[in-house]
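A look at the structure
So you can see what is in the structure, the chains are spelled out below.
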Amino acid sequence: MAWLVSLPTHFRIALVAGLFALAWVVHATVEALMAPGVQPDFANKDFANYWTVGKLVLSGRTADLFGPQPVYFEHLKGAFGADYPWHNWSYPPHYLLLVWPLGFFGYKTAMMLFLGVTCIFYLRAVGEFAGRRNHLVWIALLPLLAHNLWAAQNGYLFAGCAIAALALRDTRPVLAGIFLGVLTIKPQLGLLFPFLLLAERRWLVIASASMTTIALVVLSSAVFGLESWQGYLGEVVPYQALVMRELNGTFLEMLPSVYGALRNWGVASETALPVHLVVAVPVFLSALAGFFLARSDEDRSILLLVATFAVSPYALTYDLGLLAPALGLLAARLADTDRVAGAILVVAILLPVIMMPLGALHIVIAPAVILWVYAFALHQSGAWRRMKAMLRPA
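These lines cover the structure that appears in this document, whether it is placed above or below.

Reading the values: the criteria
Residues numbered from 1 in each chain as written. Predicted model: local features only at pLDDT ≥ 70, side-chain atom pairs only at ≥ 80, totals over all residues. Heavy atoms only, no water. Helix = DSSP H or I, 4+ residues; strand = E, 2+ residues; numbered from the N terminus. Expected span 1.5 Å × (residues − 1). Bend = angle between axes of the 7 residues up to and from the residue. Contact = heavy atoms within 4.5 Å. Buried < 20%, exposed > 50% of the residue type's maximum accessible area, 1.4 Å probe, protein only. Axes fitted to C-alpha atoms, helices over the stretch in contact; angles between N-to-C directions. Parallel < 35°, antiparallel > 145°, perpendicular 65-115°, else oblique. Left-handed = near helix turned anticlockwise from the far one by under 90°. Nonpolar A, V, L, I, M, F, W, Y, C, P; charged D, E, K, R; others polar. Phe/Tyr/Trp six-rings, centres within 6.5 Å; stacked < 30°, edge-to-face > 60°. Patch = residues over 30% accessible without salt bridge, like charges linked within 9 Å, V, L, I, M, F, W, Y side chains within 5 Å. Areas by Shrake-Rupley, 256 points an atom, 1.4 Å probe, with all protein chains shown as cover. Salt bridge = Lys/Arg side-chain N within 4 Å of Asp/Glu carboxyl O.

Another point: helix H13 (residues 226–246). The end-to-end C-alpha distance of H13 is 30 Å, a good match for the 30 Å that 21 residues give at a rise of 1.5 Å each. Bending of H13 peaks at approximately 40 degrees at the position of tyrosine 232. On its buried side, H13 packs onto helix H12 (203–224), helix H14 (250–253) and helix H15 (258–264).

Encoded structure:
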């Protein structure tokens with residue numbers, strides 16, 4: 001327990017807050033599981049989509065996923081009641097290859113299996129990536145673990161794929177590529193991976209990721225029909241683009257990007273997206289340079305994980321599982337006297353559990369915090385110093 005005694009005060013606050021959030025969510029989840037039936041709040045989860053998909057696949061109604069949204073929504077209302085709140089299906093057909101077995105179970109059992117298995121996978125990936133003795137990394141995970149359990153989302157799964165790919169890209173490149181192929185189900189989280197792999201000349205990872213992606217597309221077409229991809233491109237993608245442009249309320253409280261902040265403040269998407277790009281493009285370009293100039297694989301990994309949330313307009317709170325281990329690694333590098341940086345890193349660690357309450361009040365801090373963390377990571381990597389030296393007149 002010597003590590004706890006030596007822990008700076010602000011990280012003790014993060015530890016206590018993270019444990020409290022996790023305990024509260026676990027308690028609420030256990031209560032919901034023990035209650036008779038499926039209570040409305042417990043049914044109003046994104047997991048309801050995955051479970052419903054399993055039922056539709058097993059009943060031969062896969063086509064209803066990739067048709068007009070009202071057709072799919074009728075299945076949700078049929079399962080959870082006529083007053084069930086709006087949900088939509090947004091994933092490509094190869095995601096069905098992962099979630100269709102959920103249809104064999106009742107809703108509660110399926111949810112706990114999905115969250116339990118994907119959480120174990122995520123924790124194993126982080127252990128490979130950051131080491132099992134880095135206490136600050138595990139502290140940094142606590143708020144995310146609580147939030148994704150509450151949201152009943154796929155945050156553990158896809159963050160685990162990204163983290164595992166980074167951890168294994170040197171020692172097990174084929175497996176790393178397989179994880180990146182799976183990550184194409186949620187491509188907004190993998191925007192920077194091709195550039196990192198090119199900078200590091202990870203040709204086998206690139207080949208493995210490409211072949212895995214092709215295999216998943218071909219297999220999903222064979223199992224669910226080519227019509228599933230036609231429907232996804234013709235119905236689901238345009239509808240999801242409409243959601244991205246028009247949806248208000250809770251959705252906007254969950255976007256940590258500049259785009260999300262502006263939309264939360266009432267700015268139209270036609271204005272918010274160009275302003276987002278004004279920030280995202282310089283971050284992307286500096287990250288690209290950082291992939292070539294950073295001192296180590298770990299530094300490049302941190303840059304990718306942090307920059308993803310400045311570049312992508314459409315990552316959400318439950319996706320912050322990519323950010324959490326990077327924050328822990330950055331915290332481990334801090335000097336004891338660097339209290340301001342430590343405090344900002346703690347705020348970043350707590351984003352999964354504070355973003356939505358603050359967002360409901362239209363107090364948006366995530367973009368500024370993430371940009372600060374990115375600048376800090378760029379400086380820590382040594383890439384910023386080398387960029388300045390290259391730009392300095394001879």
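Moving on from the coordinates now.
What follows is about unusual backbone geometry. The phi torsion at alanine 152 lies on the positive side, around 55 degrees, for a residue other than glycine. Here alanine 152 shows up in the loop between helix H8 (135–151) and helix H9 (155–168). Unlike most non-glycine residues, histidine 362 shows phi in positive territory, near 65 degrees.

An ideal rise of 1.5 Å per residue puts 21 Å on 15 residues; helix H20 (residues 366–380) measures up with 21 Å between its terminal C-alpha atoms. Where H20 is concerned, the buried positions are Ala366, Pro367, Val369, Ile370, Val373, Tyr374, Phe376, Ala377, Leu378 and Gln380. Those residues of H20 hidden inside the fold are in contact with H15, helix H16 (269–293), helix H17 (297–311), helix H18 (323–332), helix H19 (339–360) and helix H21 (383–391).

Within the secondary structure, proline 325 sits in helix H18. The spatial distance from the C-alpha of proline 325 to the C-alpha of leucine 191 is 19 Å, given a sequence separation of 134 residues. Not counting residues within four places of it along the chain, the set of residues in contact with proline 325 comprises Tyr122, Val126, Phe129, Val137, Leu141 and Ile163.

Attention now goes to the packing of H17 against H20. Running from amino to carboxyl end, H17 crosses H20 at an angle of 160 degrees, the nearest separation of the two axes being 9 Å. In this view, H17 runs roughly antiparallel relative to H20, as classed from their interaxial angle. Of the two elements, H17 crosses H20, and the hand of that crossing is left-handed. Where H17 approaches H20, its residues Asp299, Ile302, Leu303, Val306, Ala307, Phe309 and Ala310 are matched on the opposing element by Ile370, Leu371, Val373, Tyr374, Ala377, Leu378 and Gln380. Grouping the amino acids of the contact of H17 with H20 by side-chain chemistry returns 12 nonpolar, one polar and one charged.

For the rest of this paragraph, the subject is the packing of aromatic side chains. Scanning the model with the defined rule gives 23 aromatic pairs in all. Summarising the aromatic geometry, the rings of phenylalanine 47 and phenylalanine 114 are spaced 5.7 Å apart at their centres and angled 45 degrees between planes, so their arrangement reads as tilted. Linking phenylalanine 47 in helix H4 (residues 47–58) with phenylalanine 114 in helix H7 (residues 107–130), this pair joins segments that are 67 residues apart in sequence. The class for phenylalanine 47 is buried, based on a relative accessible area of 0%.

Attention now goes to a nonpolar patch on the surface. A surface patch of nonpolar side chains, about 460 Å² in accessible area, is lined by Leu58, Trp100, Phe104, Phe105 and Leu113. Among the structural elements, phenylalanine 105 can be located in the loop between helix H6 (96–99) and H7. You can call phenylalanine 105 partly exposed: its relative accessible area is 35%.

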